[in-house]
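In case you want the letters, here they are:
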Amino acid sequence: MKIQNLRCEYLENPFGIDETKPRLSWTLESERRGEIQTAYRILVASSQDVLDEGRGDLWDSGKVMGDASIHIEYDGSPLASRMACYWKVAAWDRNGEMSAFSSPTSFTLGLLDDSDWKASWIAMNPSFYESDEFKQDSPPPPWFRKAFELDNEIANAVVYVSARGIFELYANGERIGEDVFAPGWTDYNTRIQYRSYDVTSLMKRGANALGAVVGDGWYSGHIGWRRDRGYYGFVNSLLVQLEVTYTDGSKRVFASDRSWKCSHGPLKYSDFMDGEYYDARKEMPGWNSASFNDSTWKSAVIVDAPDAAIVSQPSEPVRATEELRPVSINEPQNGMYVVNLGRNIAGWVRLKVSGKKGTVITLRYGERLNPSGSVYTTNLRAAKVIDTYVLKGEGVEVFEPHFTFHGFQYIELIGLTEEPTKDTVTGVVLHSATPLAGSFECSDDMVNTLAENIDWGQRGNFLSVPTDCPQRDERLGWMGDAQIFVRTSTYNRDVAAFFTKWMVDVEDAQSSEGAFADFSPRVKNDTGNFEGAAGWGDAGIVVPWTLWRVYGDRRLIEKHYDAMGKWLDYMRSDNPDLIRRKSLNNNYGDWLSIKADTPKDLLATAYWAYDAKLLSEIAAELGLDDDAVKYKQLYSDVRAAFQREFVAEDGRVYPVGGDKVEAQGFDASGTDRKQGIGETQTNYVLALYMDLLPKELRAKAVDHLVRKIEECGWHLSTGFIGVRHLCPVLSEAGRNDVAYRLLLNDTFPSWGYSIKQGATTIWERWDGWTEDKGFQDPGMNSFNHYSLGSVGEWLYRYVAGIELDWNETAFKRFIIKPYTDTRLDYVKATYNSIHGPIGSAWKRSGDAFALNVEIPANTSAEIHVPVTGDAKVMESGNVAGESEGLSFVRREGGYEIYVAGAGDYRFEVK
Ligand code: BGC
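Residues numbered from 1 in each chain as written. Predicted model: local features only at pLDDT ≥ 70, side-chain atom pairs only at ≥ 80, totals over all residues. Heavy atoms only, no water.

## Points about the overall build of the protein chain
Our working rule: A run of H or I in DSSP becomes a helix once it reaches four residues, and a run of E becomes a strand once it reaches two; helices and strands are each numbered from the N terminus. A radius of gyration in this sense is built from C-alpha atoms; the matching globule rule multiplies 2.2 Å by the number of residues raised to 0.38. The rule is simple: take the accessible area with a 1.4 Å probe, protein chains only, and divide by the maximum for that residue type; under 20% is buried, over 50% is exposed, in between is partly exposed.
Scanning the protein chain for helices and strands turns up 16 helices and 50 strands. Relative to a compact globule of 910 residues, whose C-alpha radius of gyration would be 29 Å, the protein chain shows 29 Å and is just as compact. If one aligns the C-alpha atoms of the protein chain with their principal axes, the spans along those axes are about 85 × 70 × 55 Å. In the protein chain, which comprises 910 residues, the proportion classed as buried is 62%.

## Quick word on the sheet that holds strand S49 (residues 895-900)
The line we're drawing: Here, strands pair whenever DSSP counts at least two bridges between them. Orientation is described by lines fitted to C-alpha atoms, with helices fitted over the stretch in contact, and by angles between N-to-C directions that extend from 0 to 180 degrees.
Within the open sheet, the five strands sit side by side as S40-S41-S45-S49-S48. Their pairing is mixed. Two strands in the sheet have a free side with no partner beyond their single neighbour: strand S40 (802-804) and strand S48 (886-892). Ignoring strand direction, the axes of neighbouring strands in this sheet form an average angle of 25°. Relative to S49, strand S45 (residues 860-866) is paired through six bridges, and the arrangement is antiparallel. Looking at the pairing, Ala-861 lines up with Ala-900 of S49.

## Looking at the packing of aromatic side chains
Which entries qualify depends on this criterion: Between 30 and 60 degrees the pair is tilted, below 30 it is stacked and above 60 it is edge-to-face, where a pair is any two Phe, Tyr or Trp rings, Trp via its six-membered ring, whose centres lie within 6.5 Å. For a lysine, the NZ atom is tested; for an arginine, the CZ atom; a charge sits over a ring if that atom is within 6 Å of the ring centre and within 35 degrees of the ring normal.
A full pass over the atoms with the stated rule returns 67 aromatic pairs. Plain terms: the ring middles of Phe-128 and Phe-134 are 6.2 Å apart, the flat faces sit at 35° to each other, and that makes the pair tilted. Accessibility assignment for this pair places Phe-128 and Phe-134 in one class, buried. With 6.0 Å between their ring centres and 70° between their planes, Phe-499 and Trp-502 make a pair best called edge-to-face. In this pair, Phe-499 and Trp-502 are both assigned in helix H5 (residues 496-508), three residues apart and thus about one turn of the helix distant. As far as the burial class goes, Phe-499 and Trp-502 line up, both buried. One residue, Arg-475, lies across the ring of Phe-405, its end atom 4.8 Å from the ring centre.

## Some thoughts on the nonpolar core
Quick note on the threshold: Buried Ala, Val, Leu, Ile, Met, Phe, Trp, Tyr and Cys residues form a nonpolar core when they are joined through side-chain atoms within 4.5 Å. Throughout, a contact is declared for two residues whenever any of their heavy atoms are within 4.5 Å.
Among the nonpolar cores identified, the biggest contains 227 residues, and Phe-181, Ile-411, Leu-413, Phe-440, Trp-794, Ile-863 and Phe-907 are the most heavily contacted of them. Looking at this core, the element that brings in the most residues is helix H9 (residues 600-621), giving 13 residues. With sequence-adjacent residues up to four places away left out, Trp-794 is seen in contact with Cys-727, Pro-728, Ser-731, Asn-736, Ala-739, Tyr-740, Leu-743 and Val-799.

## A look at the packing of helix H6 (residues 539-551) against H9
For clarity, the threshold we go by: Comment on the angle field: the value is read as roughly parallel under 35 degrees, roughly antiparallel over 145, roughly perpendicular from 65 to 115, and oblique elsewhere. Left-handed describes a crossing in which the near helix is turned anticlockwise from the far one by less than a right angle; the clockwise case is right-handed.
Taken N-terminus to C-terminus, the directions of H6 and H9 make an angle of 40°; their axes are 10 Å apart at the nearest point. Here H9 runs oblique to H6, going by the angle between their axes. The chirality of how H6 crosses H9 is left-handed. Contacts between H6 and H9 involve Ile-541, Val-542, Trp-545 and Trp-548 from the first element and Tyr-610, Asp-611, Leu-614, Glu-617, Ile-618 and Glu-621 from the second.

## Let's talk about a nonpolar patch on the surface
Inclusion rule: Like-charged residues within 9 Å of one another, or nonpolar side chains (Val, Leu, Ile, Met, Phe, Trp, Tyr) within 5 Å, are grouped into patches, provided each residue has over 30% relative accessible area and no salt bridge. Each accessible area is a Shrake-Rupley estimate made with a 1.4 Å probe; only the visible protein chains count as cover when residues are assessed. In the sections that follow, a salt bridge refers to a side-chain nitrogen of Lys or Arg positioned within 4 Å of a carboxyl oxygen of Asp or Glu.
A contiguous nonpolar patch, built from Tyr-129, Phe-234 and Val-235 and spanning about 280 Å² of accessible area, is present on the exposed surface. Along the chain, the position of Tyr-129 falls in the loop between strand S10 (122-123) and strand S11 (143-150). Judged by its relative accessible area of 32%, Tyr-129 falls in the partly exposed class.

## What to know about the site of the ligand
Defined as follows: Being near a molecule or strand, for a residue, comes down to having at least one heavy atom within 4 Å of it. A 3.5 Å cut-off defines polar contacts: any pair of N or O atoms within that distance qualifies, except that in protein one atom must be a possible hydrogen donor and the other a possible acceptor, and neighbouring residues in sequence count only when both atoms are side-chain atoms. For this scheme, ten residues count as nonpolar: Ala, Val, Leu, Ile, Met, Phe, Trp, Tyr, Cys and Pro. Four count as charged, namely Asp, Glu, Lys and Arg, and the remainder, Gly too, count as polar.
Taken together, Asp-468, Arg-472, Glu-474, Trp-478, Asp-481, Trp-536, Tyr-588, Trp-591, Phe-720, Glu-764, Met-780 and His-785 make up the full set of residues adjacent to the ligand. Arg-472 is positioned with one of its side-chain polar atoms (N or O) 2.7 Å from an oxygen atom of the ligand. Bound to the protein, the ligand loses 96% of the 310 Å² it would expose on its own. Among the residues making up the shell around the ligand, the classes are represented as six nonpolar, one polar and five charged.

## A look at the pattern of salt bridges
For the structure on display, the rule yields 66 salt bridges. Here Arg-555 and Glu-73 are joined by a salt bridge, their closest N and O atoms 2.9 Å apart. Of this pair, Arg-555 sits in helix H7 (residues 554-559) while Glu-73 sits in strand S7 (residues 72-73), placing them 482 residues apart in sequence. Of the charged contacts in the structure, one is a salt bridge between Glu-474 and Arg-472, with a shortest N-O distance of 3.1 Å. The pair formed by Glu-474 and Arg-472 is uniform in burial state, with each residue classed as buried. Members of the salt-bridge network, linked through shared partners, are Glu-9, Glu-19, Arg-23, Glu-73, Asp-553 and Arg-555.

## Let's talk about the sheet that holds strand S35 (residues 438-442)
Ordered by their spatial adjacency, seven strands build an open sheet running S35-S42-S43-S44-S50-S46-S47, and the pairing between neighbours is antiparallel. Each of the sheet's edge strands pairs with one partner strand only, and the pair in question is S35 and strand S47 (878-879). In this sheet, strand S50 (residues 903-909) lies alongside strand S44 (residues 848-855) in antiparallel orientation, the contact comprising seven bridges. Each bridged residue has a counterpart across the sheet, and for Glu-854 the counterpart in S50 is Asp-904.

## Structural notes on unusual backbone geometry
Residue Ala-182 is joined to Pro-183 through a cis peptide bond whose omega torsion reads 5°. Counting through the fold element by element, Pro-183 comes out in the loop between strand S14 (174-175) and strand S15 (191-198). Here the amide bond leading from Ser-520 into Pro-521 is cis, since omega sits at -5°, within 30 degrees of zero. With respect to the helices, strands and loops of the structure, Pro-521 is situated in the loop between H5 and H6. If you check the backbone angles, Glu-9 has positive phi at about 50° while not being a glycine.

## Focus: the state of the cysteines
Our working definition: When the sulfur atoms of two cysteines come within 2.5 Å, that pair is taken as a disulfide.
In this structure the tally under the stated criterion is zero disulfides. Cys-442 takes part in no disulfide bond, and the closest cysteine sulfur to it belongs to Cys-727, at a distance of 13 Å. Taking the relative accessible area as the measure of exposure, Cys-442 reaches 1% and is therefore buried. For Cys-712, which is in no disulfide, the shortest distance to another cysteine sulfur is to Cys-727 and amounts to 14 Å.

## Overview of helix H11 (residues 681-689)
Extensive coverage of H11 is indicated by the burial of nine of its nine residues. Residues of H11 that are buried: Gln-681, Thr-682, Asn-683, Tyr-684, Val-685, Leu-686, Ala-687, Leu-688 and Tyr-689. Packing partners of the buried residues in H11 comprise H9, helix H10 (625-646), helix H12 (695-711), helix H13 (720-732) and helix H16 (792-799).

## Some points on the packing of helix H14 (residues 736-744) against H16
For the pair H14 and H16, interaxial distance at closest approach is 13 Å and the crossing angle is 140°. The orientation of H14 relative to H16 falls into the category oblique. Once H14 is placed against H16, the crossing between them reads as left-handed. Within the contact between the two elements, H14 uses Asn-736, Ala-739, Tyr-740 and Leu-743 and H16 uses Trp-794, Leu-795 and Val-799. Broken down by class, the residue content of the contact of H14 with H16 amounts to six nonpolar, one polar and no charged.

## Digging into the confidence of the model for the protein chain
Segments scoring low in pLDDT should not have their predicted coordinates read at a detailed level. Our working rule: Per residue, pLDDT measures the predictor's confidence, with a range of 0 to 100.
Here the protein chain averages 95 in pLDDT, while 97% of its residues score no lower than 70. The low-confidence segment residues 662-675 (pLDDT under 50) makes 41 contacts with residues lying over four places distant or belonging to another chain.

Printed below as a string of structure tokens:
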């Protein structure tokens, strides 16, 4: 048995954590079927040498019996600021044999106490503000530097850094770390993150220098959809503390203070929405090295420390994760070149050009093209999205922006003095560096593109927080989008740390009355009614519940438990009759459905019941039995109210006895808005998924749902909210055939339709562009919006059949149950769970059906093998029930069910 993937608080070798009881996890690998861990031993040492000697001077867990291999809480000597902890783990297998120790790994503590910070917050000398440049809408970002001497041999050097704004940090001319837009977005009024970097290798005895540039970012730049800036403040500031330990054990601290110098440089401005203006003629070669002459720089000033907690960032930073080469270059107008990267991304480009000093090159970005071949930018609204580079005229010049990003596939270049080649522009993909977790492939190319597009939608929008879109003036942490997509996102990438961090933003954004916001972090100047919306605020429960289910994270649900309870109280106080009609503010309903407006009170009440159900499960998990009973009761009371108000005797779901509602008609041309009774596909999807119907009406409701789909010519009409559960509900209810039909449609509206129009991400709207109408209203038409991609969850959970066991979390025990259909010949999926890699692959050839399953060591699964008639199930050549590691349970509903221990299994059905 081999031990792998050692993680601390979900991260590999995290550096600078705040957690004093960090949780450790690992995965196990074995060739042997049915392998389990029967015991483990963790050693945590204060140095690599001590660990190598096989000693855990900080913690030796001793031999702990049992199969726990995730979230093992550190239980050794108290951890203090700056401590480096080296650890490894050994495990005993099912025969009681001990494995070799894992490779060593580490975690390091950051600055735990306010008193650890000796640094002051520094900002630009105000005398600069008198110049005209500083009077423009976005002023030039401040540049800081500090030269200093190290008069001894260096054993270790660590720098801690934060900013109001986003920073790039340098030491002796070298960039420190690879983080982009650090320290990320939080509610800066409440909490500001810091980052820690080991800079030992960058420091040297003698003269040294640190340099930093602080861009506006979320703190002072344009964010959201209003044109004003400075939501959190206007003055960018920096906090740096460099701690050097010499080989003789003595220490020196170099902290930001008045002795730092500041200036402005080649960046005229840099803003998320507007873009970046970089004048290379103003570069200051060597500005971040010791020898630089900084006599024209001025002293930095100390500004007030924020009235906010300074916390270590618990999630992966934003990073450049991939580069794309152009697929084509056109010249739609004389001197205007348009480069196509082949797919819609969030990020920026690296520009490689040469030309005369002072040549101005502008880059504009867009997701689609106008009929003329120029870049379509109307959907960017007030976001200017233009980068400008002014050449210094010295050979080949390379430019990459610093503090902006764009959502784009096409780049328009103006001002080039030579014809561009495919080397002129490189696409750089930016997002929170969440590790890849899943892969999905099947026999249908369009579905493969869909799966890919869903992941690209995620990559384009998981940028510090889960945003709605990366291109226009919005890019907010919309909660509805996040809760609809969270489960899909877990299959694509390991988002545990990402959402752990975001849940803090969600709680920071909760109102004192208990309302969760519609987007988190909040932005200060919002008008106050962006809170409480059904399907949006509910993310405050759906997201942590999902993380607990998928990653087994009990600490997270414990931490946010009170906030979740407050949310339920908030709904109740204004809605005593248990129909959720009030305290909903900008209630969005089933946002962007196709002329099928789900009654908002129906949708809201369904979510209320669902929240109560999830919270009762959470309470039970936390051992809060009274609360579990209380919330279960609330669930059944709201459910009863739902049935009274919205369920007819014949199983139809709509506001029974209510007024007629507008906009229930559907036709593909999109012109027909007729009166109806408020009966939509989403009504049924929610009622069925959230278990709100009397048992005896469920089957009837399924028929009505199918009728509603048939009325739309076998198309969906769901918006953001309904779409997530549509296919899962159909598959569960015995109408997998209809779910596949929706999946494989390529006529409007469908996922396939956008793919036929060249989509490489998920569009905000089913009709973002149609043959008859062209572009939808540019007022709201993003081509990179992950919400409608929530079908990704169904691809993994149902089509591939990799599903959680409802009685277990974290895939410790899971279910493999593929919902197959003859329209696909094969499906091949993998999912790297917190317990290790799971695989499910099925294939049909002629009458034969094969299913390969991969179950990681120390887990088990219930495998449902699809069978028809009197087909026989074999596994690796044996009768399946007699095969090693497998036991037959029963035959049910078209499946033979087996329980299996760890291992690779090859089933054949003939
Ligand atoms: C955003 C959405 C968001 C919605 C609220 C839009 O402007 O782009 O994704 O959820 O507003 O309805």
